[in-house]
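Secondary and tertiary structure notes
What follows is the residue order along each chain.
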2 protein chains.
Amino acid sequence: MRQLEQRISREATVLPGNILKIDGFLNHQVDIAFCEEMAEEFYRHFAKTAPTKILTVEASGIVLAAMTARRFSLPMLFAKKAKSDNIEGGLYRSEIFSYTYNKKATLLVAQNRLDAGERVLVIDDFLARGEALRGLIDIVSQAGATLCGVGIAVEKGFQGGGDALRAQGVDLLSLAIIDSMQPNEIVFRELD
Amino acid sequence: MRQLEQRISREATVLPGNILKIDGFLNHQVDIAFCEEMAEEFYRHFAKTAPTKILTVEASGIVLAAMTARRFSLPMLFAKKAKSDNIEGGLYRSEIFSYTYNKKATLLVAQNRLDAGERVLVIDDFLARGEALRGLIDIVSQAGATLCGVGIAVEKGFQGGGDALRAQGVDLLSLAIIDSMQPNEIVFRELD
């Protein structure tokens, strides 16, 4: 998505440790109208897969997932990252490693919110090594639900998570794929 | 908002420790269209206060804040709850105590995302003792910005946080106020 690449080039900051800070329109301050445009791209690509639910994980993917759910007129479900007293018993759990926070985390989804017959479209803002997605896809599988595909705003292609998912046959749409990044140069992969 | 009270009565679960679980349409699975209806109520009440930014805190208030931001055609900003490597330096910080998680938390907002001239409408899903709001309002004050008001979906009135804010003169709109709750009976405060 050319407009996303342009905004990343203009507004994002590359920090040490392969961190890409997009806190002006995606990860802290959020441009809602632009998220709707990205959701439109997801709709165009995934409408034919007939999802019944949009799944993401807290926190920074929530707006994108919500706008996608709005476009599809579907409920949105967000996995929680730690045990909260607000969700008792009956949980699907998946352990992941968060490289952003450099610690393990547990993704939680209430079992009564994800049925075996459902068709799940997973949406998230970032894809790097793919740990969060691995956890979400694991939960979809635990529920006996079907994965329709994965929609991502920004894939850090050089970290390999996206290509690993593609090799597994996952229908993955990343709106921008970064092949390399330095403080003053972000190189995008050519998209179809 | 009558429809919100009805959905709470029908779908919410009261758990020990004054926990109200609304994970079917607000706090885990989210009904986006219903969040838009709530956002419309916020718009009706706060449009005259001319906000320039919508502020919330991760994670479960994000959809409601996003839909409110969408209705106002404004950017949405969400405070983060812990130090992430994704936001370096230049932070407003406010320490709060999370009764849900029974531990202290730090709210963080990047200083360059909140200017002194801004008019901030704070949106969140729940208001109990008001700790999260105290932190957000503190950050608005640190920035030298103006607080337009606070919009809340569900206020647990018996925990006092809302009435304390009203006593301070904050323009607080709660769409449903619970005066008491037991596993089989939720009593709402009569609203104008």
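Here's a quick rundown of the structure. Just so you know, these numbers come straight off a predicted model, no measurement behind them.

**What to know about the relation of the copies chain A and chain B**
You can overlay chain A on chain B at an RMSD of 0.0 Å; the transform is a turn of 180 degrees with a shift of 0.0 Å along its axis. Such values leave the two copies arranged in the relation of a two-fold axis. Looking at the rotation axis and the C-alpha trace of chain A, the residue lying nearest is Ala 59 of chain A, at 2.6 Å. Interface residue correspondence from chain A to chain B reaches 100%, placing this contact among same-surface, isologous pairings.

**Focus on the pattern of salt bridges**
Counted under the stated rule, the structure contains 34 salt bridges over all chains. The salt bridge partner of Asp 23 of chain B is Lys 21 of chain B, with a shortest N-O separation of 3.9 Å. One exposure class covers both Asp 23 of chain B and Lys 21 of chain B, and it is buried. Here Arg 44 of chain B ties to Glu 41 of chain B by a salt bridge, and the two come within 3.3 Å at their closest N and O atoms. Residue Arg 44 of chain B and its partner Glu 41 of chain B are both found in helix 2 (residues 32–46); the two are separated by three residues, about one turn of the helix. Here Glu 41 of chain B falls in the partly exposed class, since its relative accessible area comes to 25%. Overlapping salt bridges bring together Glu 155, Asp 163, Arg 166, Asp 179 and Arg 189 of chain A as one network.

**Some points on the interface of chain A and chain B**
Chain A puts 40 residues into the contact, and the matching count from chain B is 41 residues. Interface of chain A and chain B: buried area, both sides summed, is about 3500 Å²; carbon and sulfur atoms make up 55% of it. Taken together, the connections running from chain A to chain B amount to four salt bridges. Put simply, Asp 23 of chain B and Arg 113 of chain A hold a salt bridge, and the shortest N to O gap is 3.0 Å. At the boundary of chain A and chain B, one finds 14 residue pairs in polar contact (both at pLDDT 80 or more). Those elements giving two or more residues to the side of chain A that touches chain B turn out to be strand 2 (19–21), strand 3 (29–30), helix 2 (32–46), helix 3 (62–72), strand 5 (76–79) and strand 7 (103–110) of chain A. Among the elements that take part in the side of chain A that touches chain B, helix 3 of chain A stands out by supplying six residues, more than any other. Of the residues in the side of chain A that touches chain B, the class split is 21 nonpolar, eight polar and eleven charged.

**Points about the sheet that holds strand 10 (residues 172–182) of chain B**
Across the sheet, seven strands lie side by side as 3(A)-5(B)-4(B)-8(B)-9(B)-10(B)-11(B); this open sheet has mixed pairing. Of all the strands in the sheet, the pair left with one neighbour each is strand 3 of chain A together with strand 11 (185–188) of chain B. Taken together, the six bridges between strand 9 (residues 146–156) of chain B and strand 10 of chain B define a ladder with parallel strand orientation. Note that in strand 10 of chain B the partner of Lys 156 of chain B across the bridge is Ile 178 of chain B. In the packing of helix 4 (residues 131–142) of chain B onto the sheet, contacts are made with strand 4 (53–57), strand 5 (76–79), strand 8 (119–127) and strand 9 of chain B, and the angle to strand 9 of chain B comes to roughly 170 degrees.

**So, unusual backbone geometry**
Residue and element names in this part refer to chain A. Glu 58 connects to Ala 59 through a cis peptide bond whose omega is 0 degrees. Looking at the element boundaries, Ala 59 is found in the loop between strand 4 (53–57) and helix 3. Positive phi, normally seen in glycine, also occurs at Asn 18, with a value near 60 degrees. The topology assignment puts Asn 18 in the loop between strand 1 (13–15) and strand 2.

**A closer look at the packing of helix 1 (residues 2–11) of chain A against helix 2 of chain A**
Residues and elements named next belong to chain A. Running from N to C, helix 1 and helix 2 cross one another at 140 degrees; their axes reach a closest spacing of 10 Å. By the criterion of interaxial angle, the relationship of helix 1 to helix 2 is oblique. Here Gln 3, Leu 4 and Arg 7 of helix 1 come into contact with helix 2, specifically with Phe 34, Glu 37 and Met 38. Each residue belonging to the contact of helix 1 with helix 2 can be placed in one class, and the counts come to three nonpolar, one polar and two charged.

**Topic: the packing of helix 3 of chain A against helix 3 (residues 62–72) of chain B**
Two measures define how a pair of helices packs: the angle their axes make with one another and the distance between the axes. In the contact formed by helix 3 of chain A and helix 3 of chain B, the axes pass within 9 Å of each other and the chain directions differ by 65 degrees. In terms of orientation, helix 3 of chain A and helix 3 of chain B fall into the roughly perpendicular class. Crossing of helix 3 of chain A against helix 3 of chain B: the hand is right-handed. In this structure, helix 3 of chain A contributes Ile 62, Val 63, Ala 66, Met 67 and Arg 70 of chain A to the contact, and helix 3 of chain B contributes Ile 62, Val 63, Ala 66, Met 67 and Arg 70 of chain B. Taken together, the residues of the contact of helix 3 of chain A with helix 3 of chain B break down into eight nonpolar, no polar and two charged.

**Digging into the environment of Lys 156 of chain B**
Residues and elements named next belong to chain B. Position of Lys 156 among the secondary structure elements: in strand 9. Distance in space between the C-alpha atoms of Lys 156 and Ser 180 is 7.9 Å, their sequence separation being 24 residues. Those residues in contact with Lys 156 that sit more than four places away from it in its chain are Asn 18, Ile 19, Leu 20, Phe 126, Leu 127, Ala 128, Ile 178 and Met 181. A distance of 2.6 Å separates the side chain of Lys 156 from the backbone oxygen of Asn 18, its partner in a polar contact.

Conventions used here
- Residues numbered from 1 in each chain as written.
- Chains lettered and ligands numbered in written order.
- Predicted model: local features only at pLDDT ≥ 70, side-chain atom pairs only at ≥ 80, totals over all residues.
- Heavy atoms only, no water.
- Least-squares fit on C-alpha atoms with pLDDT ≥ 70 in both.
- Contact = heavy atoms within 4.5 Å.
- Salt bridge = Lys/Arg side-chain N within 4 Å of Asp/Glu carboxyl O.
- Buried < 20%, exposed > 50% of the residue type's maximum accessible area, 1.4 Å probe, protein only.
- Helix = DSSP H or I, 4+ residues; strand = E, 2+ residues; numbered from the N terminus.
- Buried area = accessible area lost by both parts, 1.4 Å probe.
- Polar contact = N/O pair within 3.5 Å; in protein donor to acceptor, adjacent residues only side chain to side chain.
- Nonpolar A, V, L, I, M, F, W, Y, C, P; charged D, E, K, R; others polar.
- Pairing = 2+ DSSP bridges.
- Axes fitted to C-alpha atoms, helices over the stretch in contact; angles between N-to-C directions.
- Parallel < 35°, antiparallel > 145°, perpendicular 65-115°, else oblique.
- Left-handed = near helix turned anticlockwise from the far one by under 90°.

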